[in-house]
There are 2 protein chains.
Amino acid sequence: MKIVLIGSTGHTNYVVEGLKDNYEDQIVGIAPGSETEEVDSLYQKLAKDYDIKKYNNYIEMLDQEKPDVAAVACHFGDHAQAAIEVLNRNINLFVEKPIATTLSKLAEVKAAYKKSEAKLAAMFGIRYKPWFLTAHKYIKEGAIGEVRLMNAQKSYRLGQREDFYKKRESYGGTIPWVGSHAIDWMQWLSGKDFKSVYASHSTKANKNHGELEVSALCHFDFEDEVAGSVNIDYLRPQNATSHDDDRIRIAGDKGVIEVLKEKVYLINDQIEGNRELPLLAKKEVFADFLNWVKGNGESMITAEESFRVTEAALQARRSADQKKLIHF
Amino acid sequence: MKIVLIGSTGHTNYVVEGLKDNYEDQIVGIAPGSETEEVDSLYQKLAKDYDIKKYNNYIEMLDQEKPDVAAVACHFGDHAQAAIEVLNRNINLFVEKPIATTLSKLAEVKAAYKKSEAKLAAMFGIRYKPWFLTAHKYIKEGAIGEVRLMNAQKSYRLGQREDFYKKRESYGGTIPWVGSHAIDWMQWLSGKDFKSVYASHSTKANKNHGELEVSALCHFDFEDEVAGSVNIDYLRPQNATSHDDDRIRIAGDKGVIEVLKEKVYLINDQIEGNRELPLLAKKEVFADFLNWVKGNGESMITAEESFRVTEAALQARRSADQKKLIHF
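What you see is a predicted model, and the numbers here were worked out from it, not measured in a lab. (Residues numbered from 1 in each chain as written. Chains lettered and ligands numbered in written order. Predicted model: local features only at pLDDT ≥ 70, side-chain atom pairs only at ≥ 80, totals over all residues. Heavy atoms only, no water.)

Participant: Could you give an account of the sheet that holds strand 7 (residues 147-157) of chain B, with specific residues and numbers?
Facilitator: Residue and element names in this part refer to chain B. Taken in spatial order, the 9 strands line up as 14-13-12-11-7-10-9-8-15 in an open sheet, and their pairing is mixed. Both edges of this open sheet fall to strand 14 (275-276) and strand 15 (326-327), since each of them pairs with a single strand only. Docked against the sheet, helix 10 (residues 303-322) engages strand 8 (194-202), strand 9 (215-222) and strand 15, running at close to 50° with respect to strand 8. (Pairing = 2+ DSSP bridges. Helix = DSSP H or I, 4+ residues; strand = E, 2+ residues; numbered from the N terminus. Contact = heavy atoms within 4.5 Å. Axes fitted to C-alpha atoms, helices over the stretch in contact; angles between N-to-C directions.)

Structure below.
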């Protein structure tokens, strides 16, 4: 398979890691996806392993290389336009979340996807971490019964972010960028669809990061009277033990499961006390996507989920902007 | 001081524990606060330590004993009426939360309080646990800077509850009964007042507990764009290691503090890694109230907070009932 990269900003490492020990698929080109984006350092790094060409224009790259797969990870406000160009050429698309930063642009990407025969998955790579795979397995096996209540957390260090993070137009907002992971976990782990959302966010205490929100809270109502919250912040101190502090706690009618500090805990009526579960091995999100493209089974992330979670994140952001409850 | 108990249902143990090693104050009477309430077993227990009289009617008890303090802890739907009778007699009132189970009844209690010279505190006794006292101390000392985002949890075992829990009229709802503790922590620890609430709750999976909600989620907006969630459930399995799993995590602009499993953790830029804080000693909520009544300093729980938290809990319940955003 011929693979190209549009952009060098988001989780391009998913692509690189997903190709480790893979000698049949090749990264053949890289181009910036956004006007002020610099791809040279990633190009230099990849040139050690791949016969790769650097382009200044991704349209030219797509038309010339005619790749099987394009991975889009540029400034977040430009994901959607690049995605549309990829899909219009029937090229399989591995795209950084959020797929789009406006609802109208999301509709355009959806339309392009429907017309194309390409496969599509968004980079919800945290699903593939051992602790999330483990939680998923136990929930699907019935360890907590029917899901009733979910609480997810995304907490990051802020540090000093690039300029494009400081504008809503190029960044898209903290709920879509950081929160969409946790929004994805909730629908993936529960199997329940979104019904409504109420959210809040604030740029206070953002240390000169312009329009970037450093705290946010989302309250989703799902089917079957299931509720779920996501709390999001960039308030983790610089000398915390890790960059992030991802969590989810899910209470069901037969038990409670929890991902906390990269471990998974389960309590239910079959278990005495609070049991730490043995972890599944991690998987590679891009390897999973490539297998799907090659016809070797399904990807764990579907196109429908990728669109739905993006929509949910953008509706949550709209709720927070407008301070109102939004029904899906 | 002469103390009477109206009811034997809620946290009457706060009164009993608060009087340990206290030989100057006496419990002189007990009467049911609700029609179907039984106080005999508590009476028998107290009669070993106190010269106490059992009444069938609390009005008669109040008028005959003319106590200095009445503690009200009957069926939750009857707190307000008993509170009004106590306040109308200028007797100091230590009252189980929620003070009232309807907003109109809450307004009546407030009016009675304003007319009286009595002191009043609601039984927000969890504040006095070592982990909450410790979190409070560090926050007030500036350990996390300005509070930006809060997430609190109340999780209980359901077990088999008395019949009065199964009716909204006598029980009042899970957000006021269980959730009001966590709602109290948020306003107490942040010092921020409530602006609006959106909430959900569900009776699904309540194991034949009628109208009792077993899961709930509240999203509060506070002053200064601070947001706070409370997730509440009765979904803790019977063989979990403890009855409850109280938590709060508060992110500020200078650090994050967390109460988790009866410990307190702090991260900020002065601390390497995740520091477990030394715990303060627990205090007795009723002893604190009695000291206030005697003129020896203030109570940690004010009447204003007791009313405000009750109001916030009832507005959250109304939001969940009506599925709409409510402004305070």
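Participant: A description of the UniProt feature "domain: Gfo/Idh/MocA-like oxidoreductase N-terminal" (unreviewed entry) in chain A should follow, citing residues and the corresponding values.
Facilitator: In the numbering used here, UniProt assigns the "domain: Gfo/Idh/MocA-like oxidoreductase N-terminal" (unreviewed entry) feature to residues 2-121 of chain A. The span residues 2-121 of chain A is 38% helix and 19% strand, and its two end C-alpha atoms sit 17 Å from each other. (UniProt positions renumbered as here; feature names shortened; annotations may be inferred.)

Participant: Any details on the packing of aromatic side chains? Residues and values, ideally.
Facilitator: When we look at a pair of aromatic rings, we describe it by the centre distance and by the angle of the planes. Scanning the model with the defined rule gives 35 aromatic pairs over all chains in all. Ring plane angle 40° and centroid distance 4.7 Å describe the contact between Phe164 of chain B and Tyr165 of chain B, whose orientation is recorded as tilted. Exposure remark for Tyr165 of chain B: the relative accessible area of 9% places this residue in the buried category. By the ring-pair criterion, three or more aromatic residues cluster together here, those being Phe76, Phe164, Tyr165, Tyr171 and Trp177 of chain A. A cation over an aromatic ring shows up here: Lys137 of chain A above the ring of Tyr138 of chain A, its NZ or CZ 4.6 Å from the ring centre. (Phe/Tyr/Trp six-rings, centres within 6.5 Å; stacked < 30°, edge-to-face > 60°. Buried < 20%, exposed > 50% of the residue type's maximum accessible area, 1.4 Å probe, protein only. Lys NZ or Arg CZ within 6 Å of the ring centre and 35° of its normal.)

Participant: Could you give an account of empty space enclosed by the protein, with specific residues and numbers?
Facilitator: Under the criterion given, the structure shown has 3 cavities of 30 Å³ or more. Of the pockets and cavities examined, the largest cavity occupies roughly 260 Å³. Lining the largest cavity are 21 residues, with Asn151 and Arg247 of chain A together with Asn151, Gln153 and Arg247 of chain B positioned closest to its centre. Listed by contribution, the elements that provide at least two residues to the lining of the largest cavity are strand 7 (147-157), strand 10 (227-236), strand 11 (247-252) and strand 12 (255-260) of chain A together with strand 7, strand 10 (227-236), strand 11 (247-252) and strand 12 (255-260) of chain B. Here the residues of the lining of the largest cavity are counted per class, giving 7 nonpolar, 8 polar and 6 charged. Size it by volume and the second largest cavity reaches roughly 70 Å³. If you go around the second largest cavity, the residues you meet are Arg236, Asp245, Arg247 and Lys261 of chain A together with Arg249, Val256, Glu258, Tyr265, Leu266, Ile267 and Asn274 of chain B. For the lining of the second largest cavity, the secondary structure elements donating two or more residues are strand 12 and strand 13 (263-268) of chain B. For the lining of the second largest cavity, the element with the most residues is strand 13 of chain B, which contributes 3 residues. (1 Å grid on protein atoms, 1.4 Å probe; cavity = no way out; pocket = protein on both sides within 12 Å on 5 of 7 lines; lining within 4 Å. Points joined across faces, edges and corners; volume = space filled by probe spheres on them. Nonpolar A, V, L, I, M, F, W, Y, C, P; charged D, E, K, R; others polar.)

Participant: So what's going on with the sheet that holds strand 14 (residues 275-276) of chain A? Which residues, and what values?
Facilitator: Sheet strands pair by backbone hydrogen bonding; their relative direction is either parallel or antiparallel. Residues and elements named next belong to chain A. As summarised here, the arrangement of the 9 strands in space is 14-13-12-11-7-10-9-8-15, forming an open sheet in which the pairing is mixed. At either margin of the open sheet sits one strand with a lone partner, and together these are strand 14 and strand 15 (326-327). As defined by bridge partners, strand 7 adjoins strand 10 across 8 bridges and the pair is classed as parallel. Bridged to Asn151 within strand 10 is Ser229. Along the sheet, helix 6 (residues 130-140) makes contact with strand 7, strand 11, strand 12, strand 13 (263-268) and strand 14, crossing strand 12 at roughly 170°. Contacting strand 7, strand 8 (194-202), strand 9 (215-222), strand 10 and strand 11, helix 8 (residues 174-190) runs over the sheet at an angle of about 150° to strand 7.

Participant: So what about the domain arrangement of chain A? Which residues, and what values?
Facilitator: Residues and elements named next belong to chain A. Partitioning chain A into structural domains gives domain 1 (2-118) and domain 2 (126-327). Between domain 1 and domain 2, the C-alpha centre-to-centre distance is 24 Å. The interface of domain 1 with domain 2 comprises 31 residues on the first partner and 30 residues on the second. A buried area of about 2600 Å², summed over both sides, lies between domain 1 and domain 2, and 73% of it is on carbon and sulfur atoms. When the area that domain 1 buries against domain 2 is broken down by residue, the three leading residues are Phe76, Lys97 and Leu103, summing to 23%. The tally of links from domain 1 across to domain 2 stands at 3 salt bridges. Residues Glu24 and Lys294 are paired through a salt bridge, measuring 3.0 Å at the closest nitrogen-oxygen approach. Run the count over domain 1 and domain 2 and you get 7 residue pairs in polar contact (both at pLDDT 80 or more). Broken down by element, the side of domain 1 that touches domain 2 gets its largest block of residues, 5 residues, from helix 5 (residues 103-115). (Domains from an automatic or database assignment. Buried area = accessible area lost by both parts, 1.4 Å probe. Salt bridge = Lys/Arg side-chain N within 4 Å of Asp/Glu carboxyl O. Polar contact = N/O pair within 3.5 Å; in protein donor to acceptor, adjacent residues only side chain to side chain.)

Participant: Please set out the UniProt feature "domain: GFO/IDH/MocA-like oxidoreductase" (unreviewed entry) in chain A residue by residue, giving values where relevant.
Facilitator: UniProt marks residues 132-258 of chain A with the feature "domain: GFO/IDH/MocA-like oxidoreductase" (unreviewed entry), using the numbering shown here. Split by type, residues 132-258 of chain A is 24% helix and 38% strand. Its first and last C-alpha atoms lie 10 Å apart.

Participant: A description of the pairing of strand 7 of chain A should follow, citing residues and the corresponding values.
Facilitator: All names here are of chain A. By the criterion of burial, strand 7 is predominantly enclosed, with 11 of the 11 residues buried. Where strand 7 meets strand 11, 6 bridges bridge the pair, whose relative direction is antiparallel. Looking at strand 11, one finds that Leu149 is bridged to Ala251.

Participant: Give me the lowdown on the pairing of strand 11 of chain A, citing residues and values where you can.
Facilitator: Residue and element names in this part refer to chain A. Within strand 11, 6 of the 6 residues are buried, which leaves the element mostly enclosed by the surrounding structure. Burial along strand 11 is two-sided: the residues Arg247, Arg249 and Ala251 and Ile248, Ile250 and Gly252 are all buried. For strand 11 and strand 12, the ladder comprises 4 bridges, and the chain directions are antiparallel. Bridge assignment links Ala251 to a residue of strand 12, and that residue is Val256.

Participant: An account of the interface of chain A and chain B is requested, with residue identities and associated values reported.
Facilitator: In this complex, chain A contributes 56 residues to the contact, which on the side of chain B involves 56 residues. Here chain A is connected to chain B by 4 salt bridges. A salt bridge links Glu258 of chain B to Arg247 of chain A; the shortest N-O distance between them is 2.5 Å. Counting every contact that joins chain A to chain B gives 26 residue pairs in polar contact (both at pLDDT 80 or more). At the level of elements, strand 7, strand 8, strand 9, strand 10, strand 11, strand 12 and strand 13 of chain A are the ones that each hand at least two residues to the side of chain A that touches chain B. Of all the elements, strand 10 of chain A adds the most residues to the side of chain A that touches chain B, at 8 residues. Looking at the side of chain A that touches chain B, its residues break down into 18 nonpolar, 21 polar and 17 charged.

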